[in-house]
Each structure stands twice: as structure tokens, then as C-alpha cells.
Amino acid sequence: MSMIAAFYGGKSILITGATGFMGKVLMEKLFRTSPDLKVVYILVRPKQGQTLQQRVFQILDSKLFEKVKEVCPNVHEKIRAISADLNQNDFAISKEDMKELLSHTNIIFHCAATVRFDDHLRHAVQLNVTATQQLLLMASQMPKLEAFIHISTAFSNCNLKHIDEVVYPCPVEPKKIIDSMEWLDDAIIDEITPKLIGDWPNTYTYTKALGEVVVQQEGGNLNIAIIRPSIMGATWQEPFPGWVDNLNGPSGLIIAAGKGFLRSIRATPMAVADLIPADTVVNLTLAVGWYTAVHRPKSTLVYHCTSGNLNPCNWGKMGLQVLATFEKIPFERAFRRPNADFTTNNITTHYWNAVSHRAPAIIYDFYLRLTGRKPRMTKLMNRLLRTLSMLEYFVNRSWEWSTYNTEMLMSELSPEDQRVFNFDVRQLNWLEYIENYVLGVKKYLLKEDMAGIPEAKQHLKRLRNIHYLFNTALFLIAWRLLIARSQVARNVWFFIVSFCYKFLSYFRASSTLNV
């Protein structure tokens with residue numbers, strides 16, 4: 001019998017960010033392993049034209065929850081959606097709902113956050129810092145609360161090379177940042193943002209670091225733990241391989257490459273791609289919730305959920321695996337032949353990459369205009385290039401994360417819990433995982449029919465032939481122009497032609513003598 005699964009039985013659990021990728025995988029695992037839990041409260045932002053119950057059914061109407069509906073047929077009755085807005089004071093929760101939350105909640109999983117790298121600092125502070133502060137205030141008024149689990153990111157301290165499982169201080173106190181956001185106007189915030197974030201590459205990582213400090217400073221007597229996952233990807237094993245429902249992280253890059261929009265990346269091929277499956281993060285999260293509530297550590301423990309130090313896979317290897325999968329499982333209606341090229345990081349290459357990405361998009365938009373359709377490819381390509389620009393910091397660096405607490409927790413689990421709540425990434429086969437990831441993107445994100453693979457392969461073959469013909473024609477045109485303008489080029493050309501002619505003449509003469 002799993003001790004962790006039994007622990008969550010009969011519990012009332014509050015999940016923020018339940019409508020997000022990790023939140024859904026977390027709910028699925030909870031209901032599948034602990035169907036006798038009492039209730040899961042989820043904070044849902046009101047949406048015009050949809051009731052809260054409709055939002056719940058919308059979440060459950062996914063292949064992700066198929067197994068849950070078998071073991072817990074009344075799952076919809078155990079999800080209590082609460083109207084809330086994390087941008088508002090007290091989350092705009094009604095008095096009745098707030099009273100219920102404060103009276104009954106046993107466990108909090110705080111997964112909500114803005115994950116946009118280019119988010120305005122005011123908004124990033126509100127969701128990643130202020131909302132965390134307000135949730136901690138709520139938690140301090142919950143008499144039945146046993147554990148508060150805060151989901152951060154392994155990149156919250158990416159300004160450091162080696163990162164330990166500790167909360168690092170920030171140059172400016174979070175309270176000062178929160179207060180200043182209330183009275184500074186957007187223009188001033190835009191001006192001071194680069195100075196405030198300093199060595200952090202964006203507002204996301206900076207505000208996640210601030211959020212951790214808030215948790216440490218304002219946690220009071222609560223049983224708190226912080227989990228730092230790295231780049232979260234599709235599921236590895238549970239409830240089935242390859243499930244993903246958003247474009248964040250590698251998913252967007254896989255689609256862009258599979259459709260032929262993305263031809264190359266300015267990356268360091270040997271840099272570690274610290275990807276971690278979503279179900280691995282969820283298994284660790286539930287194990288941490290159990291350990292924090294039952295063992296009550298004296299201080300806030302930080303757990304790194306990363307793969308690079310235990311089972312590394314670099315960007316170059318991952319790119320080749322993705323490309324190999326495209327050959328077996330091509331995407332429908334690809335724009336160009338998929339390619340995986342990791343280029344050197346210099347200005348000349350950057351300029352050429354921008355041209356090589358935009359030029360075909362401009363040509364395709366010209367074709368769309370001629371056929372009376374709305375051009376869209378250039379806009380899409382510009383958005384993709386902006387995304388790539390924001391990712392460059394992460395695909396050109398490697399980090400070292402210590403995992404002492406994570407390994408300690410693994411040793412505390414029974415063999416049954418190690419099996420049911422497996423977060424040991426040393427068992428992960430990257431080749432198999434990447435193939436399932438690409439397949440999952442095709443099935444669950446793009447909604448493409450697997451029966452269309454033969455047709456997609458034929459389309460891929462045509463694109464490959466067009467690619468070779470285009471490159472050959474481009475080379476011949478460039479060489480012809482070079483010969484017309486350069487005496488050196490003409491001499492080289494005549495030498496090559498003369499050499500080939502002599503070689504053929506010698507080969508023909510040798511063949512005649514042998515006869």
C-alpha cells in the first residue's frame with residue numbers, strides 16, 4: 001500500500017494554477033492514486049459566457065482524465081471551482097468561498113505563475129510575488145493546513161553557475177519591489193527594469209527568485225517546501241507517454257521545426273538541455289507534500305527537480321533525436337523540410353539566420369497575396385524569432401543543480417512509493433522520450449490524425465526534393481555571377497572543367513585498352 005496515496009485520502013486540497021499544464025497533470029495523479037480524497041479546490045478566473053462548472057467539465061473533457069474517470073467516476077463532484085482573480089486583492093474571492101477555504105484546506109499546492117519571459121515587470125510581480133504573499137496570508141489563517149508547497153523554477157537563480165537547494169537573497173527586498181509597483185507608472189518601470197533585474201535574463205526568473213524570498217520571509221510557522229523544476233516537458237509515463245497541451249518550452253520549438261518554420265537555432269550543441277517530464281515533477285510534488293506534512297522539517301526545504309546532473313542530454317543530441325523522429329512521424333502540411341542545425345553564436349551567423357528564416361516567409365506571403373489570401377507567414381516568423389531570441393540565454397548555458405534534498409526524499413520512500421511516485425530521472429531513456437514527445441505534440445496539440453502519416457511522408461519527400469533543387473539552383477546562380485565578376489573564379493572554374501575532361505578521357509582510354 002502506498003503511504004503517499006493513503007495520506008491524501010480524505011484531504012481537502014487547494015491548487016492554484018489548476019487550469020495550467022502542471023496543474024492538470026497534478027490533479028489527474030491525485031484523483032487516480034487517491035480517489036477517496038475529499039475535495040480539490042481550484043481557483044478559476046471568471047470567463048464570460050462560461051459557468052465555473054462548465055470550466056470544470058472543460059478541464060475533465062480531455063484524454064488526460066480518461067483513466068481517472070474509470071477509478072473515480074464522480075470526479076466532477078470532487079472538484080470545487082472557486083471564482084478568483086490573482087491580479088486582485090484577496091483574489092476577489094467571495095466571503096462565503098473564503099470562509100470555506102480557510103476552514104477546510106489541508107494542503108496547498110501553489111502552481112500559479114506567469115511564465116512569459118517578456119512579461120511587464122508590474123504584471124510579473126503581481127502574479128509571481130504579490131499573489132504568493134497574499135496566499136501565504138490566507139494559509140496562516142487555515143487551522144487545518146498541514147503543508148504549503150510552492151512551485152518555483154530551477155532558473156530562479158540562473159545568474160549563478162552552481163545552484164544549491166537554498167533560498168538566495170535578492171539585491172532588493174521583495175516588499176520594496178511590491179510597494180513600488182503600486183505607485184510607479186509604466187514608463188518609469190520600463191526604464192528601471194534592466195537595473196532591477198540585473199544579472200537575471202528576464203522578469204520571469206527575477207520575480208520567481210523574489211517569490212522564493214517572500215515564501216521564506218513570510219511563511220511564519222507554516223510547514224513549507226519549495227520545488228524547483230527545470231524545463232517542463234510532456235509526460236514520460238503517466239497517465240500515458242507524450243501528453244502535452246501547451247506551446248511553452250520545447251513544444252513550440254518542436255512544432256516550428258516540424259512544420260519547417262524553424263531551420264536553425266543559435267545554441268551551444270554541448271550545452272545541457274535540462275528538460276524534465278511533467279509527471280516526474282508531479283510525482284516529486286506529491287511526495288514533498290506528504291513528507292512536509294508528516295515529518296514537519298524545522299526549516300523550509302528546497303527540492304531541485306532537474307535532469308542534467310543525473311541523466312544529461314545536450315541540445316545537439318536532442319535536436320538530432322527530434323529530426324530523426326520527424327522522418328518517422330512527419331507533421332502534416334509542413335511549410336518547409338524540417339531541419340535541426342545548431343549554429344555558432346556570432347553576429348554574422350545571427351544575421352544569416354534571420355535572413356534564412358524571413359526570406360521564405362516573405363516569398364510565401366507574396367504568393368498568398370497573389371492568390372487573394374491574407375498574408376500571415378512573416379508575422380508568424382517574426383514572433384518565432386522573438387521567442388528564439390528570449391530562449392538564447394538558456395540554450396547557450398549549462399547549470400549545476402545540487403539534488404541532496406531530492407535524493408534524501410527518494411531514500412525516505414518505501415519501494416511501493418518509489419514505484420507509484422517515481423521521480424528518478426536516471427531511468428529516463430531520452431531517445432524514447434523525445435519520440436513520444438514529438439508524437440504527443442502531433443496528437444494532442446496539433447490534433448493531427450495518425451492515419452495521415454503516409455501522406456505527410458510524401459509531402460516531406462516533395463519538400464526535401466524542392467529544398468535540394470533550390471539549393472542547387474542558388475549555388476549555380478551565385479557561381480555564375482562570381483565567374484562573370486572574378487578572374488580568379490574563372491581560372492578555378494576552367495581548372496575544374498579541364499581536370500574533369502582529362503580524367504574522363506583517361507578513364508575512357510583505360511576502358512578501351514582493357515577491352
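Analysis parameters
Residues numbered from 1 in each chain as written. Predicted model: local features only at pLDDT ≥ 70, side-chain atom pairs only at ≥ 80, totals over all residues. Heavy atoms only, no water. UniProt positions renumbered as here; feature names shortened; annotations may be inferred. Buried < 20%, exposed > 50% of the residue type's maximum accessible area, 1.4 Å probe, protein only. Helix = DSSP H or I, 4+ residues; strand = E, 2+ residues; numbered from the N terminus. Pairing = 2+ DSSP bridges. Axes fitted to C-alpha atoms, helices over the stretch in contact; angles between N-to-C directions. Parallel < 35°, antiparallel > 145°, perpendicular 65-115°, else oblique. Contact = heavy atoms within 4.5 Å. Nonpolar A, V, L, I, M, F, W, Y, C, P; charged D, E, K, R; others polar.

As annotated in UniProt, the chain carries the name Fatty acyl-CoA reductase 2 and is attributed to Bos taurus. Here the chain is described in UniProt, under the heading Subcellular location, as follows: "Peroxisome membrane".

*Asks:* Explain the pairing of strand β11 (residues 301-305) to me, please; I cannot follow it from the model alone.
*Replies:* Each regular strand shows side chains that alternate between the opposite faces of the sheet. The buried count for β11 comes to five of five residues, which makes it a mostly enclosed element. Of the two faces of β11, the one holding Leu301, Tyr303 and Cys305 and the one holding Val302 and His304 are both buried throughout. As defined by bridge partners, strand β7 (residues 224-229) adjoins β11 across five bridges and the pair is classed as parallel. Each residue of the ladder has a partner; that of Pro229, found in β11, is Cys305.

*Asks:* Whenever I open this one, the pairing of strand β5 (residues 147-151) confuses me. Can you help?
*Replies:* Where burial is concerned, most of β5 is hidden: five out of the five residues are buried. Neither face of β5 is left uncovered, since the one carrying Ala147, Ile149 and Ile151 and the one carrying Phe148 and His150 both have all their residues buried. When strand β4 (residues 107-110) meets β5, the two strands line up parallel, connected through four bridges. The partner of Ile108 across the bridge, within β5, is Phe148. The pairing of β5 with β7 spans four bridges and is parallel. Among the inter-strand pairings, Ile149 is bridged to a residue of β7, identified as Ala225.

*Asks:* In this structure, what is going on with the packing of helix α10 (residues 250-258) against helix α17 (residues 430-445)? I would like to understand it.
*Replies:* In a packed pair of helices, the relevant descriptors are the angle between the two axes and the axis-to-axis distance. Running from N to C, α10 and α17 cross one another at 85 degrees; their axes reach a closest spacing of 10 Å. Taken together, the axes of α10 and α17 lie roughly perpendicular to each other. From α10, Pro250, Ser251, Ile254 and Ile255 reach across to α17, where they touch Tyr437, Val438, Val441 and Leu445. Across the contact of α10 with α17, the residue classes break down as seven nonpolar, one polar and no charged.

*Asks:* So what exactly am I meant to see when it comes to the sheet that holds β11 here?
*Replies:* The strands making up a sheet associate through hydrogen bonds between their backbones, and the pairing can be parallel or antiparallel. Pairing in this open sheet of seven strands is parallel, and the strands run β3-β2-β1-β4-β5-β7-β11 from one edge to the other. Only two strands of the sheet have a single neighbouring strand rather than two, namely β3 (79-83) and β11. Neighbour-to-neighbour, the strand axes of this sheet turn through a mean angle of 20 degrees, independent of strand direction. Bridge count between strand β2 (residues 39-44) and β3: five bridges; the pairing is parallel. Bridging across to β3, Val44 finds its partner in Ser83.

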